[in-house]
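Commentary on secondary and tertiary structure
This is what each chain is made of:
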Amino acid sequence: MTTSALRRMAPRDPAEAHRAASPLELLFDLVFVVAVGFAASDLHAIEAEGHVSSAIVAYAFVFFAIWWAWINFTWFATSFDTDDWLYRVTTFVQMAGVLVLAAGVHGLMVDGDSSVVVAGYVVMRLALVAQWLRAAASSTTYRRTALRYAVGIVVVQALWVLALLLPGTARGWAVPVLILLEVLVPPFAEHGSATTPWHTRHIAERYSLFTLIVLGEGLVASANAVIDAVADAEHLGPLLVLAASGLVIVVGLWWIYFSREQHAHIRSLPTALVFGYGHYVVFAAAGALPAGIEVAVSADAGGADLSRVTVAATTAVPVALFVLAIWALALRPSLSTGWNTAVVTLALAIAASVWVPEVSLVATAVLVAAVVVVLEVADRR
């Protein structure tokens, strides 16, 4: 597709054959690898110091900003991607905002300073507003929807900036309200007007690709365990076990996620919203997994000020949440009551594995493998 001249931002055909992620979308995803990696790294550092609850709260907020910026661009791109030079430039501006956000992750999670994260976030969101305004100018059918998106986003971004002026306690109360307003913008924009023409297979592929990105961080954590093992012969055996268990967990979660076609679950606006919003749990849990593996490595070397159960929970809880989220979003409709019960029971057993003495990470890996086996057997019945 040529990019030498501006193109009318007409809506894409939701039934377009062979629709796939564009090179621009793939480049856009790579920028988020930086932000996800920084968030996981700081989550590990704060958890290892014993501040687990504060680490989880900070991580949840940072990951919301990452996830929400990504999902909004993704849903816009599936409907209005023209791939001309102006579309690319506004996308690059959003990517710049991601990098600014990534630069502020440490300050927010460690020092509680959210100004850089908010600045990067607002840059991303306002660049998307420019794209919505262009869509409104180009398409009479979707003009009302696009303008609603633009107005809703601008209002909430203004509130984010104003929230920076609040004292710390008041700001803490404002954040959940602002997050709620953010997630209400799409239902507000789509209600009573033409629904944006998303491509179900394309959007399902985009979710799948981002899942691969966050799961890939878990492979990096497993590789780090191997590196530490090679460098420290005294802990060679335990660290290699941690690395192997981490690899089994990542492979198992990949197997579970890709065990079913998922595009059928985003046919209508309500199901699309549930599917998209539910992926916050999928992405955030997968993003937290490498931090848990790194915490286990640190604990083995005596560098984590945590109880054994807490160390185990940093891995087992994200894994259990991932399995439960995918079960609820994609697996449940395709399984009988008995197999649904089996998957949920195993997911809860993963969370309960934190109480298994000394081998909790191994137990988690075994239970993930058990879920895979259950799904494979269920497919043959």
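Before going into details, it helps to say that this report is about the structure given with it. Bear in mind the structure is a predicted one, so any value in this text is a computation, not a measurement. (Residues numbered from 1 in each chain as written. Predicted model: local features only at pLDDT ≥ 70, side-chain atom pairs only at ≥ 80, totals over all residues. Heavy atoms only, no water.)

Next up on the list: empty space enclosed by the protein. According to the stated counting rule, one finds two cavities of 30 Å³ or more in the structure shown. When its volume is computed, the largest cavity comes out at roughly 220 Å³. Surrounding the largest cavity, 18 residues form its lining, Trp75, Tyr149, Pro186, Glu190 and Leu273 being those nearest its centre. Contributing elements (two or more residues each) for the lining of the largest cavity: helix 2 (52–80), helix 6 (168–190) and helix 9 (269–300). Tallying contributions element by element places helix 2 first for the lining of the largest cavity, with six residues. The volume enclosed by the second largest cavity comes to roughly 50 Å³. (1 Å grid on protein atoms, 1.4 Å probe; cavity = no way out; pocket = protein on both sides within 12 Å on 5 of 7 lines; lining within 4 Å. Points joined across faces, edges and corners; volume = space filled by probe spheres on them. Helix = DSSP H or I, 4+ residues; strand = E, 2+ residues; numbered from the N terminus.)

Moving on, we get to the environment of Ala170. Note that Ala170 resides in helix 6. Residue classification places Ala170 among the partly exposed positions, given a relative accessible area of 29%. Ala170 sits 32 residues away from Ser138 along the chain, and the two C-alpha atoms are 41 Å apart. (Buried < 20%, exposed > 50% of the residue type's maximum accessible area, 1.4 Å probe, protein only.)

If you look at soluble globular proteins, the nonpolar side chains tend to sit buried side by side. Counting residues in each nonpolar core, the largest one holds 119 residues, and the members touching the most others are Leu253 and Ile256. Top element by residues in this core is helix 2. It accounts for 20 residues. Discounting residues that sit within four places of it in the chain, Ile256 has contacts with Val323, Ile326, Leu331, Val368, Val371, Val372 and Leu375. (Core = buried A, V, L, I, M, F, W, Y, C linked by side-chain atoms within 4.5 Å. Contact = heavy atoms within 4.5 Å.)

A word on the side chain of Arg206. Within the fold, Arg206 resides in helix 7 (residues 200–231). Given the relative accessible area of 0%, Arg206 is considered buried.

Turning next to the packing of helix 1 (residues 23–48) against helix 9. The angle between the axes and the distance between the axes are what describe a pair of packed helices. Two elements in contact, helix 1 and helix 9, have axes whose closest approach is 8 Å; the angle formed by their N-to-C orientations is 40°. Relative to helix 9, the element helix 1 lies oblique. For helix 1 against helix 9, the interelement crossing comes out right-handed. Across the interface between the two elements, Ala40, Leu43, His44, Glu47 and Ala48 from helix 1 touch Gly287, Ala288, Pro290, Ala291, Glu294, Val295 and Ser298 from helix 9. (Axes fitted to C-alpha atoms, helices over the stretch in contact; angles between N-to-C directions. Parallel < 35°, antiparallel > 145°, perpendicular 65-115°, else oblique. Left-handed = near helix turned anticlockwise from the far one by under 90°.)

What follows is about the layout of surface pockets. Each pocket or cavity is described by its volume, and for the largest pocket that value is around 460 Å³. Along its surface, the largest pocket is lined by 25 residues, and Val57, Phe61, Leu108, Gly172 and Val175 are the ones closest to its centre. Listing elements by their share of the lining of the largest pocket, those giving two or more residues are helix 2, helix 3 (85–111), helix 5 (143–163) and helix 6. In terms of residues, the lining of the largest pocket owes the most to one element, helix 6, which gives eight residues. Here the lining of the largest pocket is built from residues that sort into 18 nonpolar, five polar and two charged. (Nonpolar A, V, L, I, M, F, W, Y, C, P; charged D, E, K, R; others polar.)

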